[in-house]
Amino acid sequence: MQTVKAPAIFAPGYERARSVDPVAVDNYVAHMRVGDPLADAVQADLWELPRPESTRLIRAAIEQQDNVLCHAPRSLQDFVHEVTTVPAWYDRAVAVDGCRVFLRNADQFLAAFAAGAIVEGFATMISKSFAITGRMIDDGVRRLKQNIRHLLDIFLPRGVEPSGDGWKLTLRIRLVHARVRALVGASEEWDHDAWGMPVSAAHLALASTAFSARLIELAEMLGAEFRHDDDREAFMAVWCYDSWLMGVPNELMYHSQADGLRLFAIGSTCEPPPDLDAIALANCIVNSAPVVIGVTERRARAKFAKYAYRISRELIGDARADQLNFPPRRLLPTLPWLRVREHLQRWIGRFCPAVGKTQRLRSFTHLLSLTDLDTAGIRYDLPDHVRSDMSSRW
């Protein structure tokens, strides 16, 4: 059977993964050289325009200002038509249940995301784009806050649907991806033969499965409560729709946790061992966590960072943590205590509804505080230089 030619650095992992499921792996690896045709066409047309005009058109697209869009490039009009057409497989009632599942377990999802899912998702060859732009290393706290904000916005009821805050932020991220793909791809630092396409469709799918199907597993390790399997699939319904909005192609789309975990396993197997860029990015993410939750004093921040490393190591496993140069495991595990504490708090909340209501309000208020980016609304600018510190603000 004819095999796909994998980018050089993925070739060993590709052969290992292919021995298990050759058809699915070939499909995944073929998308390592694919971007996002719809969004890429938009960014190419916008690149030719003055920055203020480009920003005005992006705002019109995301805010659905038809009087402006009617004069926009055809690529942008096609883009808006696509993302405002809700796919037939999206079930609003199931997605609303998914929002309830997230909000009921917000603390666990947040911790699992910051200490586990984003580490596993980004400490891959995805880190190369971050390293070249300098975006995560230079401004790690802001990046982590924006990822948390995205997670919250898509799980507010109907937030991921057209005109919702999650929908708007997802489209903004998708267009940023397209611009970064073009800027990094044109950089002399990017090796197309070895690494494939920057921000490829394959890596977009891998990150999406890390933030959805894999996130469920990690949140359960922290004590998240799923009352039945439908809870998991309801959570997945929101992420599947958001992944589609983000530009994951139909060939890589998944519609259940099982399918998502299968794709996550394929993508993870194809990855090479973490290099210095992946190690630096993973450690930057964990070290940003204390500041994100408001711990800024030097000693307190160092103490919380040690705690975050302990949780992260137990979530992602010793083998991956060792590859990322995380501090060694402590003698006594942390996760069992966290699960017991969470179950106890839930029991108290059920026994005393007033306490439970206060707990939920405190949790949601805290989550909102973590996403405070000191900005008014969503920015519509795109980067205009491959290096973050040399780009106009976006």
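What you see is a predicted model; the values in this text were computed from it and never measured.

A. Fine view of the nonpolar core. Among the nonpolar cores identified, the biggest contains 116 residues, and Tyr28, Val119, Phe122, Phe155, Phe211 and Phe326 are the most heavily contacted of them. Contacts of Phe211, omitting those with residues within four sequence positions, involve Phe113, Ala117, Ile118, Phe122, Phe235 and Trp239.

B. Just the side chain of Ser288, in detail. Take Ser288: it is sitting in helix H18 (residues 276-292). For Ser288, a relative accessible area of 4% translates into the label buried. There is a polar contact of 2.7 Å between the side chain of Ser288 and the backbone oxygen of Cys284.

C. Representation of the confidence of the model for the protein chain. Overall, the prediction assigns the protein chain a mean pLDDT of 89, with 90% of residues at 70 or greater. The least confident element of the protein chain, judged by mean pLDDT, is helix H22 (residues 353-370) at 55; the most confident is helix H14 (residues 201-210) at 98.

D. Representation of helix H3 (residues 37-47) in the model. Among the residues of H3, those classed as buried are Ala39, Val42, Gln43 and Leu46. Taken down its axis, H3 places every buried residue within 95° of arc, on the same side. Its buried side turned inward, H3 meets helix H4 (51-62), helix H6 (74-83) and helix H12 (165-185).

E. Fine view of the pattern of salt bridges. Summed over all chains, the structure comprises 27 salt bridges. Linking Arg104 and Glu225 is a salt bridge whose minimum nitrogen-to-oxygen distance equals 3.9 Å. A residue pair is termed long-range when its members are at least 10 positions apart, and Arg104 in helix H7 (residues 92-104) and Glu225 in the loop between helix H15 (213-221) and helix H16 (229-246) qualify at 121 residues. Judged by relative accessible area, which is 23%, Arg104 ranks as partly exposed. A relative accessible area of 18% places Glu225 in the buried class. A salt bridge links Arg379 to Asp381; the shortest N-O distance between them is 3.0 Å. The class for Arg379 is partly exposed, based on a relative accessible area of 27%. Under the relative-accessibility criterion, Asp381 is labelled buried at 14%.

F. Fine view of the environment of Arg379. Here Arg379 shows up in the segment after H22. Once you skip the residues sitting within four places of it in the chain, Arg379 turns out to touch Arg142, Arg172, Arg393 and Trp394. Within the local environment of Arg379, its side chain forms a polar contact with the side chain of Asp381, the two groups lying 3.0 Å apart.

G. How the structure looks around unusual backbone geometry. Although it is not a glycine, Gln64 adopts a positive phi angle of roughly 55°. Here Gln64 lies in the loop between H4 and helix H5 (66-69). Even without being glycine, Val199 reaches a positive phi, approximately 45°. Note on placement: Val199 falls in the loop between helix H13 (192-195) and H14.

H. The arrangement of the side chain of Gln43 in detail. Structurally, the position occupied by Gln43 is in helix H3. The buried category is assigned to Gln43, whose relative accessible area is 9%. Side chain to side chain, Gln43 and Arg179 meet in a polar contact 2.7 Å long. Those residues in contact with Gln43 that lie beyond four places of it in its chain are Ala178, Arg179 and Ala182.

I. Structural view of the state of the cysteines. Considering all chains together, one arrives at 0 disulfides under this definition. With no disulfide of its own, Cys99 lies 13 Å from the sulfur of Cys240, the closest cysteine sulfur. Taking relative accessible area as the criterion, Cys99 reaches 4% and is therefore assigned buried.

J. The arrangement of H12 in detail. For H12, spanning 21 residues, the distance from its first C-alpha to its last is 30 Å, which sits close to the expected 30 Å at 1.5 Å a residue. With 16 of its 21 residues buried, H12 lies for the most part within the structure.

About the criteria used
Residues numbered from 1 in each chain as written. Predicted model: local features only at pLDDT ≥ 70, side-chain atom pairs only at ≥ 80, totals over all residues. Heavy atoms only, no water. Core = buried A, V, L, I, M, F, W, Y, C linked by side-chain atoms within 4.5 Å. Buried < 20%, exposed > 50% of the residue type's maximum accessible area, 1.4 Å probe, protein only. Contact = heavy atoms within 4.5 Å. Helix = DSSP H or I, 4+ residues; strand = E, 2+ residues; numbered from the N terminus. Polar contact = N/O pair within 3.5 Å; in protein donor to acceptor, adjacent residues only side chain to side chain. pLDDT = per-residue confidence, 0-100. Arc of directions from axis to C-beta. Salt bridge = Lys/Arg side-chain N within 4 Å of Asp/Glu carboxyl O. Disulfide = S-S within 2.5 Å. Expected span 1.5 Å × (residues − 1).

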